[in-house]
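An overview of the molecular structure
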Amino acid sequence: MDQTVQLGPLTLKNPVITASGTFGYGLEFMRYGDLTALGAICLKGISLAPREGNPTPRIAETPCGMLNAIGLQNVGVKKFLAEKLPYIPPGTTLIANLYAQTPEDFGELAAIFAAQERVAALEVNISCPNVREGGVQFGQDPAMAARVTSAVKKRAGSKPVMVKLSPNVTDVTVIARAAVDAGADMLSLINTLSGMSVDIRTRRSRLANIVGGLSGPAVKPVALRMVHQVTRAVQVPVIGMGGITSAEDVLEFILVGAHAVQVGTFNFMRPDNAFRLVEEVRTLAESLGISSWDEYRGTLRA
Amino acid sequence: MDQTVQLGPLTLKNPVITASGTFGYGLEFMRYGDLTALGAICLKGISLAPREGNPTPRIAETPCGMLNAIGLQNVGVKKFLAEKLPYIPPGTTLIANLYAQTPEDFGELAAIFAAQERVAALEVNISCPNVREGGVQFGQDPAMAARVTSAVKKRAGSKPVMVKLSPNVTDVTVIARAAVDAGADMLSLINTLSGMSVDIRTRRSRLANIVGGLSGPAVKPVALRMVHQVTRAVQVPVIGMGGITSAEDVLEFILVGAHAVQVGTFNFMRPDNAFRLVEEVRTLAESLGISSWDEYRGTLRA
Amino acid sequence: MNTTQTPCRELQVLSCRPGTEPTLVDLVLSPPGWTCRAGQFVMIRPLDWGSELVWPRPFSVCDVSDAGLRIFFQVVGRGTRKLAGLQPGQKVAVWGPLGRWFRIDENRPNLILAGGVGIAPFVMLARREKTDNLSMLFGHRLDLCHYPYAEIADRIESEAMRQTTAADIAAFETVLSGRIKTLSGIGQVLACGPEPMLKVVRRYCLMHGTEGQISLENRMACGVGACLGCVGRTVTGEYVQSCVHGPVFDVRDIDLGE
Amino acid sequence: MNTTQTPCRELQVLSCRPGTEPTLVDLVLSPPGWTCRAGQFVMIRPLDWGSELVWPRPFSVCDVSDAGLRIFFQVVGRGTRKLAGLQPGQKVAVWGPLGRWFRIDENRPNLILAGGVGIAPFVMLARREKTDNLSMLFGHRLDLCHYPYAEIADRIESEAMRQTTAADIAAFETVLSGRIKTLSGIGQVLACGPEPMLKVVRRYCLMHGTEGQISLENRMACGVGACLGCVGRTVTGEYVQSCVHGPVFDVRDIDLGE
Ligand SMILES: Cc1cc2nc3c(=O)[nH]c(=O)nc-3n(C[C@H](O)[C@H](O)[C@H](O)COP(=O)(O)OP(=O)(O)OC[C@H]3O[C@@H](n4cnc5c(N)ncnc54)[C@H](O)[C@@H]3O)c2cc1C
Ligand SMILES: Cc1cc2nc3c(=O)[nH]c(=O)nc-3n(C[C@H](O)[C@H](O)[C@H](O)COP(=O)(O)OP(=O)(O)OC[C@H]3O[C@@H](n4cnc5c(N)ncnc54)[C@H](O)[C@@H]3O)c2cc1C
Ligand SMILES: Cc1cc2nc3c(=O)[nH]c(=O)nc-3n(C[C@H](O)[C@H](O)[C@H](O)COP(=O)(O)O)c2cc1C
Ligand SMILES: Cc1cc2nc3c(=O)[nH]c(=O)nc-3n(C[C@H](O)[C@H](O)[C@H](O)COP(=O)(O)O)c2cc1C
Ligand code: FES
Ligand code: FES
């Protein structure tokens, strides 16, 4: 079976993408598999200036999931371009994950990546706190989501723009439509669900940041529901994620309408999981007699 | 240690309440323990007229959780009062869980239960689809939440009114404040997170209703976060729930600010779990040297 | 809590034998001290399951005596796969006996129709019933030696038919139909097996006016009547809980959605 | 995927002995075929873990040879409790060796400071290093026989101090301080143990100007440098990943938040 997936102008070898923040800059996984065999890699979130991230502890394990409050620690775009990008094997499909605190900075970042031949697409992380408006997130307000999207789109040149949606909203389709109307070429979802974990003995949160983002199998039902809703609400390709840990899970997301998927927490469970998943998805799809993803996608029966 | 919990005018023997829809009318569990030993029982959601509920399958197991789309099947308030209520052992603290599709019907139901001596309080389930406004839920719109709350409050007589909040919102404190401003004596949360599970072979949802509500340990981090937020946003007692399966979990909710808790899915894991939990909570609290719930509640350190 | 009041027990695994056919498992737990009728079931959840699988699993009581509580089950998914790995000494929470049972009419012929692991409840029935008016027709996919068939055939008149091809299935259906017809007005059938088989049984019972009881296997979260997840639909369009009003129903009452 | 490229192996459990002190477990896995230095660690996740515990668990390599990969660990929570129940033949995903190791200076005295299960990495070190310039001070709570202390003491000069009371702890601290002071300018310490002990070690190293290396045990989700969860804070205020830039750090570089 042909594993190829077409995302507008972007062709992926297969539907398995590693999720931002869970696969580093790819380099960390080169010992464990062939990066060029993956559908794509979403790079760790990158900002204009380096960010040191949140105090520790930053992570906590929860039932079938985990919380993280990394705070987008990253080396900044300059250092990334100079010290990381050149070492990623040629032939690896790279998607830059953009993080900024203002639409203007998002635009700046987009312009920088637009000039990078090695970068195939831009993913815009709008699930970050908007410092200027007191804690509301870009991804929770359709107007702000639209502003960020168009700021990026204006400077992205020929790079397809994928907007990454937050699940912490009443109606995800409202934000989805806002992003698409503002020019998003595709959407990805879900980012993490806001959650907490506490220690009854120390009487402290297990995260220094108090609140963190929930990911892993625990969130899969919520993710599938939102991907299903969004694929029916917009016309652009949707990349689904949230709790994927098997080939069956990948097909579930495609069945409800996703063009491709991202795997996050699964990469921590075992560093070769993404590579093995590419093969397992192929085997499963063939065993089900699926001849192309276009044929299977969105065929959930009523 | 004195296990008593004061919820405004309502005194509970201990903080362990069984959650609506997971403990039937209590009667189903009489073989497995002493109902009067529980803090209280939230009865299965009751509507004015009997409801047959949704088509099957209605339930699906998910990682560390489950989905349900029961559709509030119930015998209706008349039959409940005639055929169920009289058989619940005296001394059992009962909280009626009200379900209706209009504020007026909610008011009707409240008036009926207001006259029932056996009922200690009313819990208002506002996480139900509002048929009149095309799929938006009362619990997702602060104005509607307020309307339902005051409709119930007006007819509830001396019964304390607990409004049960939906987690499927951008900012749960907005709904919480709306309910409290409209007269809610206390709040309970979280109801289930909207989710989905599909079968890649039959290409069908595992629920006839397509979408269902996620509960169980998987949702605990989300529940804790929301309870923490709400206890800081309002002055009324908050009853926390979502994924509780141990005495530690109970204390986690109290630590972040809950007055009491409800246990739902845990009752399915073993029918005597709620009874055993009452004892385990006592033992754990004593081993931690807690002398009263007032002393421990909300003492999470920054 | 009054422990004499609770029928929820923590039983020890005495043996767990996946046999030569590893998908079929014979599990024996320490005696629960219950009386129990054939067709009733128990809910089972090992104490060390953690919470990844939140629900217990329902199984027919295959037999219960001083020797223990016996369950005969097939590995079909994650839960049964984990159960198949139980080791002697491990503890399992078990509650029951639950639900309604097969009612024998000793004065008329009672024909058991069992399919695959649906044979389980009839081991106890055959051991206990003294009547000559009981016989069995058993349809199976795997070799007969993997099922507790001989235990039953030693006591009551039994016949087994293996189904491996579509032709076998058609042949079984023909025999089923014939037997059901023969019993019309003079006896009843007691059926337990996969849903497609139950649909066939129901069709012929209605066609030939033969009385029958069928045991439904609906997904269950609680087993005690609380979750309303296990409901079946009656012919009058109501939902009934199969854990308390079943799992054994009158074949005429239940709409199997044919 | 090129399998020679991946250091992620599926190793078999050869033995898993909870010993007479059931909270301390000696686990031996089939030989991974790695070379490895003392202080490096591996990530471990049994193949049958399901997904309730999403993360693997990090452990120092206690020893590695043709006899297998040995891990010495303490049961402290859900993961280690499950690991303690591993049976011979079960399979475990293991990747490594990860991180930086203890660097011995053969020309000067090297003093190992081990606390509790922090003794693990030094088993390999003592077996491999031929230098006389290596000795150990071991603080422990349980009886000495429960730790692989004798294996080390057979090879290098060792002293053990048991801590059961507050007075014992104070006494240990006094000895620590004295030993660290003695090495000032002429040798170094290599420390592995609980965080409170590392803080004490660090305080005296800074106080007396003694060189030292400490192994940090930070929560890790991935072990390979991807999650940024395991970071420690340097004295210059930056976050460094302990899985790739540690777990062994120069004692002067890390801010332990004293
Ligand atoms: C009253 C009753 C008696 C039963 N008696 C027996 C018996 O004696 N021997 C035997 O082998 N099986 C019996 N079953 C079926 C047995 O319960 C299921 O095969 C088992 O629960 C499957 O669990 P799983 O985790 O392996 O499957 P999964 O598919 O992973 O389970 C997912 C969920 O679906 C449920 N489920 C899956 N298949 C079935 C099914 N066929 N029936 C009901 N629920 C299902 C599971 O319980 C679980 O909650 C009985 C079922 C019922 C309701
Ligand atoms: C580099 C390194 C080497 C280690 N070597 C050893 C060793 O040789 N022997 C040994 O007994 N222990 C060692 N540990 C500690 C060991 O990893 C933890 O005790 C273990 O992960 C606890 O898991 P749990 O599920 O039982 O505890 P839980 O508290 O249930 O675990 C919850 C989460 O916190 C993490 N966690 C809990 N305690 C620790 C801890 N002390 N350090 C790091 N993470 C923790 C767990 O890994 C898990 O992710 C080492 C840790 C690190 C980082
Ligand atoms: C440790 C960690 C760091 C993450 N960092 C980012 C990030 O930098 N940018 C981003 O868009 N998403 C980030 N995410 C979210 C993931 O990309 C993904 O949306 C989420 O984890 C859900 O997928 P999963 O359940 O497969 O992990 C991070 C997730 C984790 C667990
Ligand atoms: C099968 C089932 C039925 C439920 N029915 C109701 C109901 O009738 N009314 C209501 O307010 N909540 C209902 N709930 C929600 C629970 O009361 C509770 O809010 C939710 O399950 C979260 O708690 P848990 O994780 O402990 O189960 C139901 C939940 C389940 C699982
Ligand atoms: S299984 Fe819960 S009501 Fe029947
Ligand atoms: S453990 Fe993930 S970066 Fe170190």
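For clarity, every value in this text was computed on a predicted model and none was experimentally measured.

How each quantity is defined
- Residues numbered from 1 in each chain as written.
- Chains lettered and ligands numbered in written order.
- Predicted model: local features only at pLDDT ≥ 70, side-chain atom pairs only at ≥ 80, totals over all residues.
- Heavy atoms only, no water.
- Domains from an automatic or database assignment.
- Contact = heavy atoms within 4.5 Å.
- Buried area = accessible area lost by both parts, 1.4 Å probe.
- Salt bridge = Lys/Arg side-chain N within 4 Å of Asp/Glu carboxyl O.
- Polar contact = N/O pair within 3.5 Å; in protein donor to acceptor, adjacent residues only side chain to side chain.
- Near = heavy atom within 4 Å.
- Helix = DSSP H or I, 4+ residues; strand = E, 2+ residues; numbered from the N terminus.
- Least-squares fit on C-alpha atoms with pLDDT ≥ 70 in both.
- Pairing = 2+ DSSP bridges.
- Axes fitted to C-alpha atoms, helices over the stretch in contact; angles between N-to-C directions.
- Buried < 20%, exposed > 50% of the residue type's maximum accessible area, 1.4 Å probe, protein only.
- Right-handed = clockwise from strand over helix to strand, strands pointing away.
- Phe/Tyr/Trp six-rings, centres within 6.5 Å; stacked < 30°, edge-to-face > 60°.
- Lys NZ or Arg CZ within 6 Å of the ring centre and 35° of its normal.

Let's shift gears to the domain arrangement of chain C. Many structure descriptions define interface size as the accessible area lost when the parts assemble. Residue and element names in this part refer to chain C. Assigned domains of chain C: these are domain 1 (8-98) and domain 2 (110-255). Inter-centroid distance (C-alpha atoms) of domain 1 to domain 2 is 21 Å. The interface of domain 1 with domain 2 comprises 25 residues on the first partner and 24 residues on the second. Summed over both partners, the interface of domain 1 with domain 2 buries about 2100 Å², with 63% contributed by carbon and sulfur atoms. Scanning the region where domain 1 abuts domain 2 turns up two salt bridges. Measuring nitrogen to oxygen at the nearest pair gives 2.7 Å for the salt bridge that ties arginine 127 to aspartate 63. Inspection of the region where domain 1 meets domain 2 yields six residue pairs in polar contact (both at pLDDT 80 or more).

The full set close to ligand 1 counts 22 residues, and C:Trp55, C:Arg57, C:Pro58, C:Gly79 and C:Thr80 are the nearest of them. Two or more chains meet at ligand 1, and those chains are chains B and C. The contact in question runs from an oxygen atom of ligand 1 to an N or O atom on the side chain of C:Arg57, over 2.8 Å. Secondary structure elements with two or more residues in the shell around ligand 1: β4 (57-60), β6 (68-74) and α1 (78-84) of chain C. Per-element tally for the shell around ligand 1: the top contributor is β4(C), with four residues.

It is worth spelling out the relation of the copies chain B and chain A at this point. By a simple turn and slide, chain B fits onto chain A: the slide is 0.0 Å along the axis, the RMSD is 0.0 Å, and the turn is 180°. The two molecules are tied by a two-fold rotation axis, judged by turn and shift. Of the residues that chain B buries at the interface, 100% are likewise interface residues in chain A, meaning the two copies contact each other through the same surface.

What follows covers the pairing of strand β14 (residues 212-215) of chain A. Residues and elements named next belong to chain A. Pairing analysis gives three bridges linking strand β6 (residues 65-68) to β14, with the strands arranged antiparallel. Residue pairing for β14: methionine 66 is matched across the bridge by serine 215. Inspection of the sheet shows strand β11 (residues 193-195) paired to β14 by three bridges, in the antiparallel sense. When the sheet's bridge partners are listed, leucine 193 is paired in β14 with leucine 214.

With that settled, consider the sheet that holds strand β7 (residues 94-98) of chain A. All names here are of chain A. Ordered in space as β3-β4-β7-β8-β9-β10-β15-β16, the eight strands form a closed barrel in which the pairing is parallel. Strand-to-strand, the axes of this sheet are offset by a mean angle of 25°, without reference to chain direction. Two strands pair when backbone bridges link them, and strand β15 (residues 238-241) and strand β16 (residues 260-263) are joined in this way by three bridges, in the parallel orientation. From the neighbouring strand, isoleucine 239 faces β16, where its bridge partner is alanine 260. Along the sheet, helix α8 (residues 273-287) contacts β3 (16-18) and β16; its crossing angle with β3, the most-contacted strand, is approximately 170°.

All names here are of chain C. Pairing within the open sheet is mixed, and its six strands lie in the order β10-β9-β8-β11-β12-β15. On the outer flanks of this sheet lie β10 (157-162) and β15 (248-250), each paired with one strand and no other. The mean inter-strand angle of the sheet, taken between neighbouring strand axes irrespective of direction, is 20°. Two strands pair when backbone bridges link them, and strand β11 (residues 188-192) and strand β12 (residues 211-215) are joined in this way by five bridges, in the parallel orientation.

Residue and element names in this part refer to chain A. Covered by surrounding structure in strand β9 (residues 161-164) are Val161 and Val163 together with Met162 and Lys164, the residues of both alternating faces. Relative to β9, strand β8 (residues 119-125) runs parallel, the two being bridged by four bridges. By the bridge assignment for β9, glutamate 123 is matched with methionine 162. Across three bridges, β9 lies against strand β10 (residues 186-189) in parallel orientation. When the bridges of β10 are listed, methionine 162 appears paired with methionine 186. Chirality of the crossover, the property in question, places the unit of β9, helix α4 (residues 172-181) and β10 among those that are right-handed.

Glancing now at the relation of the copies chain C and chain D. Superposing chain C onto chain D takes a rotation of 180° plus a shift of 0.0 Å along the axis, which leaves an RMSD of 0.0 Å. Looking at the interface residues of chain C, 100% of them are also at the interface in chain D, so both copies use one shared face.

What follows deals with the packing of aromatic side chains. The description of an aromatic ring pair rests on the distance of the ring centres and on the angle between the ring planes. Within this structure, the stated rule accounts for 20 aromatic pairs over all chains. Ring centres of A:Tyr25 and A:Phe80 lie 5.4 Å apart, and the angle between their planes is 40°; on these two criteria the pair is classed as tilted. Of the two residues, A:Tyr25 is situated in the loop between β3 and β4 (40-42) and A:Phe80 in helix α1 (residues 77-84); the sequence distance between them amounts to 55 residues. Grouping residues by exposure puts A:Tyr25 and A:Phe80 together as buried. Taking the centre distance of 3.9 Å and the plane angle of 10° together, the rings of B:Phe23 and B:Phe29 count as stacked. Across this residue pair, the class does not change: B:Phe23 and B:Phe29 are buried. Note that A:Arg58 overlies the ring of D:Tyr239, its terminal NZ or CZ placed 4.5 Å from the centroid. It is C:Arg203 that lies over the ring of C:Tyr204; its NZ or CZ is 5.3 Å from the centre.

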